[in-house]
Amino acid sequence: MSAGAVVPAHEQVKTITETIEYPAHEERAESPAYRHARHILIDRLDLACRICGSREQRETHHIFEWAEWGNMDPAKVLTALRQIDFYGFGHEKGDEPVASPTISATW
């Protein structure tokens, strides 16, 4: 092609590998608080996935990585949750501290 020529639209396939090292942490467990939050988000409110908008095979996830919870400052987590507040439940929490990533899933 000559200088200034337009390259037609095309696809390019790329493979990305991500390596993440997590600290030692407690095994994840589905707590009653998580089951309750999931019930509210999916069964009662029938909310779609925040990412793709689908209602099929919906999952609820922790906003903060479970394995990193021991390294987090609960006050900063509370501040972040007030800013994020995906589902509009932040006002219900008030100044109640966030005790675990399971509880943060309810926001």
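Residues numbered from 1 in each chain as written. Predicted model: local features only at pLDDT ≥ 70, side-chain atom pairs only at ≥ 80, totals over all residues. Heavy atoms only, no water.

So what's going on with the overall build of the protein chain? Residues and values would help.
When you go through the protein chain residue by residue, the secondary structure sums to four helices and zero strands. For the protein chain, buried positions account for 24% of its 107 residues. Restricting the contact set of the protein chain to residue pairs at least 6 apart, pairs at least 24 apart contribute 53%. As presented, the protein chain carries roughly 8,400 Å² of accessible surface, and 51% of it is formed by carbon and sulfur atoms. (Helix = DSSP H or I, 4+ residues; strand = E, 2+ residues; numbered from the N terminus. Buried < 20%, exposed > 50% of the residue type's maximum accessible area, 1.4 Å probe, protein only. Contact = heavy atoms within 4.5 Å. Areas by Shrake-Rupley, 256 points an atom, 1.4 Å probe, with all protein chains shown as cover.)

Quick rundown of the environment of Pro-74? Include the residues and the values.
Mapping Pro-74 onto the fold places it in helix H2 (residues 74–84). Taking the C-alpha atoms as reference points, Pro-74 and Pro-97, 23 residues apart in sequence, are found 6.7 Å from one another.

A description of H2 should follow, citing residues and the corresponding values.
All buried positions along H2 are accounted for by Val-77, Leu-78, Ala-80 and Leu-81. Projected down its long axis, H2 carries its buried residues within an arc of 165°, all on one side. Projecting away from the buried face of H2 at angles above 90 degrees are the exposed residues Lys-76 and Gln-83. Here H2 starts with a cap whose side-chain oxygen sits 2.9 Å from the backbone nitrogen of Ala-75, and that cap is Asp-73. Where H2 ends, the next residue or the one after it, Asp-85, has phi of about 35°, a positive value. (Arc of directions from axis to C-beta. Polar contact = N/O pair within 3.5 Å; in protein donor to acceptor, adjacent residues only side chain to side chain.)

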